[in-house]
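Working through the structure, step by step
Next come the chains, spelled out residue by residue.
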Amino acid sequence: MTRRALVWFKRDLRVHDHAPLVAALAHTDALALFIIEPEWLHSPECDASHVDFALQCLAELRIALAQRGMPLLVRVGSAVPVLAQLHSEVVFTQLLSHEETGTGWSYQRDLQVAAWCKSADIPWQEFTQTGVVRRLRSRSGWAQRWQARMDAPLQLLDGGFSPAVALEQPELPTLADLGMERHGKALQAAGEKAARRTLKSFLQVRGYDYRKSLSSPLTAEDGCSRLSPHLAFGTLSMRTVHQATEVAIANTPDREMAYALRGFAGRLRWHCHFMQKLEDEPDIEFHNFARVCDGLRENDFNDDYFAAWCEGRTGYPMVDACMRSLIATGWLNFRMRAMLVSFASYHLWLHWRPTGLFLARQFLDYEPGIHWSQMQMQSGTTGINTLRMYSPTKQAQDQDPEGLFIRRWVPELARVPLPYLATPWKMDISVQRMAGCIIGVDYPAPIVDDKLAMKAAKDRMYGLRKTQEAREEAGEVQAKHGSRKSGLPPTGQRRKTPRRKSDAPATPSSQGDLFA
Ligand SMILES: Cc1cc2nc3c(=O)[nH]c(=O)nc-3n(C[C@H](O)[C@H](O)[C@H](O)COP(=O)(O)OP(=O)(O)OC[C@H]3O[C@@H](n4cnc5c(N)ncnc54)[C@H](O)[C@@H]3O)c2cc1C
């Protein structure tokens, strides 16, 4: 009997280090499938930019697989009917794929596929591709397991496939075919080749100033790795990035470069650390980690504030510049993402779910496990992390001291004198006229008062955290989700004794307790 494998590509659009592809070699022949699922297209997190990027990756992948004798079918529909239809056309005897840690719809889809495979008597083998551990009982020992997986040999194809049955492979659909409008974002280059180029340029050249470049949106654009969309769509495996980084550190004669790359290497495990939280508690997509926070913001949602934040017209130049830059490019550095969420959650007191959905659509690298954990962390609803409230004027002064970023993305402020650029509402009317920017006409007045809004948010958040209920629950959240390396007190309360200077993390403080 012909043993035919079907390799189901999901968020792993590559050939290099692809365990299901390697497993398929053991079969008589094999074919590959990518399913464009309506559940994905219609999910509130999905944006045309995500689909566009995936289609570009698929075009390249189809060629790369064809060169190895494997046809890649791309079909539109829900997973079970697509698999059943394909099975009626070409009987396949095994389904191979990577594990996925996704949101609710993809989890439900996997349950349905598992049931269908069982009823059709088709074994479905899933392979790991990140450090996420399924059915994890305890976080103890997690970091060692991550290390072991990442150090394991890469899964590389040795040889090609015997040609499978001839099947029609229609052209890939366009966004219009899928009923989606053009997105207008200037995206990073897609595909496995671009991913490898990006990794190489970072490890050889761009990474040099990594630690210094992280926080400012001006320097981070080039100084960060920019690998996140490639990790999200799987055009690079985490193992490839980890191993290439270790080799680069070992081989560079430059101590500065090695130091920079060690900072980067540490962040790679955060990727999986955050994804593990969603794997362990899928509900965090919808519900507060700390249920004591339920009701905190739900009834206070201000639609006008939300619209102003989404459109980058809050009257705070750094917030507006970051939002407009994100909307135009699909990427923003960590610190500025954190500031956008802090402003929405504390200054504007907006619940993290609608703001998180909006940001998920903007981020080309949308990765559910990282995203929803970070949304909650920056909104103070994990119950365990230090509360971080960013002043947008201080961030402008610290991260954009010459005003280049603000002037680039908020052209209304292009002629505003530097001393007023972070606080344009402080210009008197004659300066406004000279700058060609009348506040309230050409550029909005601040929608809330920075200091008053921060004070109100602090009172509410610290008031809640002091309660016995909050303290008890923080212990539970820490036990379930906290890294054993975080060093935080188990209750997640503020650290009483300051760190000694020599203990201080070399990374910016905003990420200091990320592992919690
Ligand atoms: C509210 C919010 C939402 C976020 N949503 C996402 C998301 O959907 N997808 C996503 O990949 N990242 C997300 N991040 C984390 C971080 O901002 C991005 O990983 C980073 O900016 C991506 O750029 P880079 O690849 O150049 O990062 P680099 O600094 O070069 O880091 C390399 C890789 O390390 C991992 N990493 C770095 N920082 C973090 C972090 N703080 N948490 C988890 N992993 C990290 C990522 O995989 C990243 O690609 C979010 C952060 C915040 C504050």
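Under an unreviewed UniProt entry, the protein chain has the name Deoxyribodipyrimidine photo-lyase and belongs to Rhodoferax saidenbachensis.

Brief notes about the pairing of strand 3 (residues 72-76)
Burial runs high along strand 3: four of the five residues are buried. Inspection of the sheet shows strand 2 (residues 29-36) paired to strand 3 by five bridges, in the parallel sense. Looking at strand 3, one finds that Ala32 is bridged to Leu72.

Some words on the side chain of Lys10
Here Lys10 is to be found in the loop between strand 1 (4-9) and helix 1 (19-24). Assessed through its relative accessible area of 8%, Lys10 is described here as buried.

Focus: helix 5 (residues 104-120)
Over its 17 residues, helix 5 runs 24 Å from end to end, which matches the ideal 24 Å to within 8%, given 1.5 Å per residue. Looking at helix 5, one finds that the buried residues are Ser106, Arg109, Asp110, Val113, Trp116 and Cys117. The buried residues of helix 5 all sit within an arc of 125° when viewed along its axis, so they share a single face. Across from the buried face of helix 5, at angles greater than 90 degrees, the exposed residues are Lys118 and Ser119. Tucked inside the fold, the buried residues of helix 5 contact strand 1, helix 4 (79-89), strand 4 (94-98) and strand 5 (124-127).

Notes on the nonpolar core
Counting residues in hydrophobic clusters, the biggest one holds 48 residues, and the most contacted among them are Trp309, Leu340, Leu359, Ile406 and Leu413. When residues of this core are traced back to their parent elements, those giving at least two are helix 13 (303-311), helix 14 (317-329), helix 15 (334-347), helix 16 (352-362), helix 17 (368-377), helix 19 (404-409) and helix 20 (429-435). Per element, the largest residue contribution to this core is eight residues, and it comes from helix 15. The next biggest cluster of nonpolar side chains, apart from the first, holds 39 residues, and it includes Leu13, Trp40, Leu72 and Phe127.

Conventions used here
- Residue positions are given per chain, counted from 1 along the sequence in the order it is written.
- In keeping with the model being predicted, local features are shown solely for residues with a pLDDT of at least 70 and side-chain atom pairs are shown and tallied solely at 80 or more, while totals for entire chains, interfaces and linings include all residues.
- Based on all heavy atoms of the structure, the side-chain values leave hydrogens and waters out of the count.
- Classification of residues uses two cut-offs on accessible area relative to the type maximum, computed with a 1.4 Å probe and protein chains only: under 20% is buried, over 50% is exposed, and between them is partly exposed.
- Numbering goes from the N terminus for both helices and strands, where a helix is a DSSP run of H or I of at least four residues and a strand is a run of E of at least two.
- Note on pairing: DSSP must find at least two bridges between two strands before they are called paired.
- One fewer than the residue count of a helix, multiplied by 1.5 Å, yields its expected span.
- In this context, the arc is that of the directions from the helix axis out to the C-beta atoms.
- Note on contacts: a residue pair is in contact if any heavy atoms of the two residues lie within 4.5 Å.
- Residue types Ala, Val, Leu, Ile, Met, Phe, Trp, Tyr and Cys, when buried and joined through side-chain atoms within 4.5 Å, form a set referred to as a nonpolar core.

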